[in-house]
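The primary structure of each chain is shown beneath.
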Amino acid sequence: MAHLLMIESWVGAMSSLLPRAIRESGHRFTFLTRDLHHYLRAAPSSPHPLLAADNVLTAETNDVPALLSFVERAHELLAFDGVISSCDYYLSTVATVADHLGLPGPGPDAVERAYRKDLTRAATRQVPGPRFALAEDWSATAKAAAALGYPLVVKPVDLCAGMHVRQVGDEAGLRDAFLALEAFPVNARDQPRVPTVLLEELLVGPEVSVETVTSRGVTHVIGVTDKSLAGHPWFVESGHMFPADLPEVDRRAAVDTALAAIGALGLDDCVAHTEIKLTADGPKLIEVNPRPAGNRITELVRRVTGIDLPAVFAQLAVGQQPDLRVRETGVRSAAVSFLLPPRSGALAGIDGTDDLARDPDVVDWAVKPAGHRAGEPTSNNSYLGHVLVTAPDADARGRAERAVGGLVVRYADDAE
């Protein structure tokens, strides 16, 4: 039985999936956080899965030098076999801590190159991708955008879940996007943001992700997931299906692009989720995430192939060679569809959940309770719920979308 140190976590699905996977792999974990209340607030009515840890420690996880000293002392007492996190904002920290303690894991520099979108673009110039530019201030941003040409996409280089990613069609829209980023100087974990703005040409075509496991220098392709987007000019993920319903030539092209990006970044001993746009000019790299996919994609993969990527993530963190054999599950496709808010406001309730409970195709669902305050649907953080469906054919996406389409959002101010 190995002992993992988990440094911070997402509060969404992976905050449950990763602790479960660690336990089911026969391992245990200690949880380390700077703010335990961040997680308690996320699960006010029941104990948070992270509290199943053998130990819960508190330290300033945003101060890496101080954290290294703290973890050294904890390691002497508790003897960790690996270090892990599901939260993008701490992936580089985890790699640095593992390297400092002489424990398994990907190299800190490679993880940082993958996490930071500006560093990814610099490292993967030989991999097909959009034309892009980087800028620090408004003058440079406006000049770079004019050179690239509108429409284009504005991105922060160090945020997640599609936050502040938007399409702009002119300088006025660019100015709005720039000011919104400038007004967001720290992320949700109180870490100062990198002020660099990434500008990219707008790519047109379906988007997919390639799920991979790299171990001991060899990258294994688990499969390709497709993606639905909503909320123009934002890029909100409204659903996913695994495996993607693609012609073999497109699937192979996406896989080749992902493998080239992972190699260029120097990633090893990690699970990766690589996003790619399939354009008329061929596949173009969007980004590489050096951790298992979010948005319940790992559950889609598990239900189709039997491969549990959070468990693989934990096994790699302690230096184990994971078992990646596909198992017969009786499921040909699995899909998740997300309920987006029609607008902002306090919820009076969400109708239609009785039908979800009776639907034999639905294997998992959840919706926000009455009283939840919905925001505008501008990022993946806006979801009001999800429905996960499995199918014996390739139509899981259609079934999931029909199920979500039966949900009706009621707002408290509708009756006023």
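Looking at an unreviewed UniProt entry, one finds the protein named Argininosuccinate lyase, with Saccharothrix tamanrassetensis as its source organism.

## Structural notes on the domain arrangement of the protein
Partitioning the protein into structural domains gives domain 1 (3–103), domain 2 (130–201), domain 3 (206–329) and domain 4 (330–415). Put simply, the middle of domain 1 and the middle of domain 2, counted by C-alpha atoms, are 31 Å apart. Facing 12 residues of domain 1, the contacting portion of domain 2 comprises eight residues. Taking both partners together, domain 1 and domain 2 bury about 770 Å²; carbon and sulfur atoms supply 44% of that area. Of all residues in domain 1, the largest losses of buried area upon contact with domain 2 belong to His 38, Asn 62 and Tyr 89, amounting jointly to 65% of the total for that side. Between domain 1 and domain 2 we count two salt bridges in total. Of the residues assigned to the side of domain 1 that touches domain 2, the class counts are six nonpolar, three polar and three charged.

## Some words on the packing of aromatic side chains
Using the criterion set out here, one finds four aromatic pairs in the structure. Seen from their ring centres, Phe 31 and Tyr 39 are 5.1 Å apart, and the 85° between their planes marks the pair as edge-to-face. Classification of Tyr 39 as buried rests on a relative accessible area of 1%. In this structure, Arg 175 is placed above the aromatic ring of Trp 138, and the distance from its NZ or CZ to the ring centre is 4.8 Å. Above the ring of Tyr 411, the side-chain terminus of Arg 343 is found at 3.9 Å from the ring centroid.

## Observations concerning the sheet that holds strand S5 (residues 132–135)
Strand order in the open sheet made by the four strands is S5-S8-S6-S7, with antiparallel pairing throughout. Because the sheet does not close on itself, it has two edges, and the strands there are S5 and strand S7 (166–168). Neighbour-to-neighbour, the strand axes of this sheet turn through a mean angle of 30°, independent of strand direction. Across the sheet, helix H7 (residues 138–148) is in contact with S5, strand S6 (152–156) and strand S8 (197–201); its angle to S8 comes to roughly 10°.

## Overview of the pairing of strand S1 (residues 3–7)
Of all five residues making up S1, five are buried, and the element is well covered by its neighbours. Residues of S1 alternate between two faces, with His 3, Leu 5 and Ile 7 on one and Leu 4 and Met 6 on the opposite face, all of them buried. In terms of strand pairing, S1 meets strand S2 (residues 28–33) through five bridges, oriented parallel. In the sheet register, His 3 faces S2, and the bridge partner there is Arg 28. Handedness of the crossover joining S1 and S2 through helix H1 (residues 14–24): right-handed. Bridge analysis of S1 against strand S4 (residues 82–84) gives three bridges, and the strand direction is parallel. Across the sheet, the residue bridging to Met 6 is Ile 84, located in S4.

## Let's talk about helix H11 (residues 309–317)
Of all nine residues in H11, nine are buried; the element is thus mostly enclosed. Within H11, burial applies to Leu 309, Pro 310, Ala 311, Val 312, Phe 313, Ala 314, Gln 315, Leu 316 and Ala 317. Directly beyond the C-terminal end of H11, a positive phi value near 85° is found at Gly 319.

## Examining the UniProt feature "domain: ATP-grasp" (unreviewed entry) in the protein
Mapped onto this numbering, the UniProt entry gives "domain: ATP-grasp" (unreviewed entry) at residues 119–318. Strand forms 32% of residues 119–318 and helix 32%; the C-alpha atoms that close the span are 27 Å apart.

Reading guide: rules and limits
- Residues numbered from 1 in each chain as written.
- Predicted model: local features only at pLDDT ≥ 70, side-chain atom pairs only at ≥ 80, totals over all residues.
- Heavy atoms only, no water.
- Domains from an automatic or database assignment.
- Contact = heavy atoms within 4.5 Å.
- Buried area = accessible area lost by both parts, 1.4 Å probe.
- Salt bridge = Lys/Arg side-chain N within 4 Å of Asp/Glu carboxyl O.
- Nonpolar A, V, L, I, M, F, W, Y, C, P; charged D, E, K, R; others polar.
- Phe/Tyr/Trp six-rings, centres within 6.5 Å; stacked < 30°, edge-to-face > 60°.
- Buried < 20%, exposed > 50% of the residue type's maximum accessible area, 1.4 Å probe, protein only.
- Lys NZ or Arg CZ within 6 Å of the ring centre and 35° of its normal.
- Pairing = 2+ DSSP bridges.
- Helix = DSSP H or I, 4+ residues; strand = E, 2+ residues; numbered from the N terminus.
- Axes fitted to C-alpha atoms, helices over the stretch in contact; angles between N-to-C directions.
- Right-handed = clockwise from strand over helix to strand, strands pointing away.
- UniProt positions renumbered as here; feature names shortened; annotations may be inferred.

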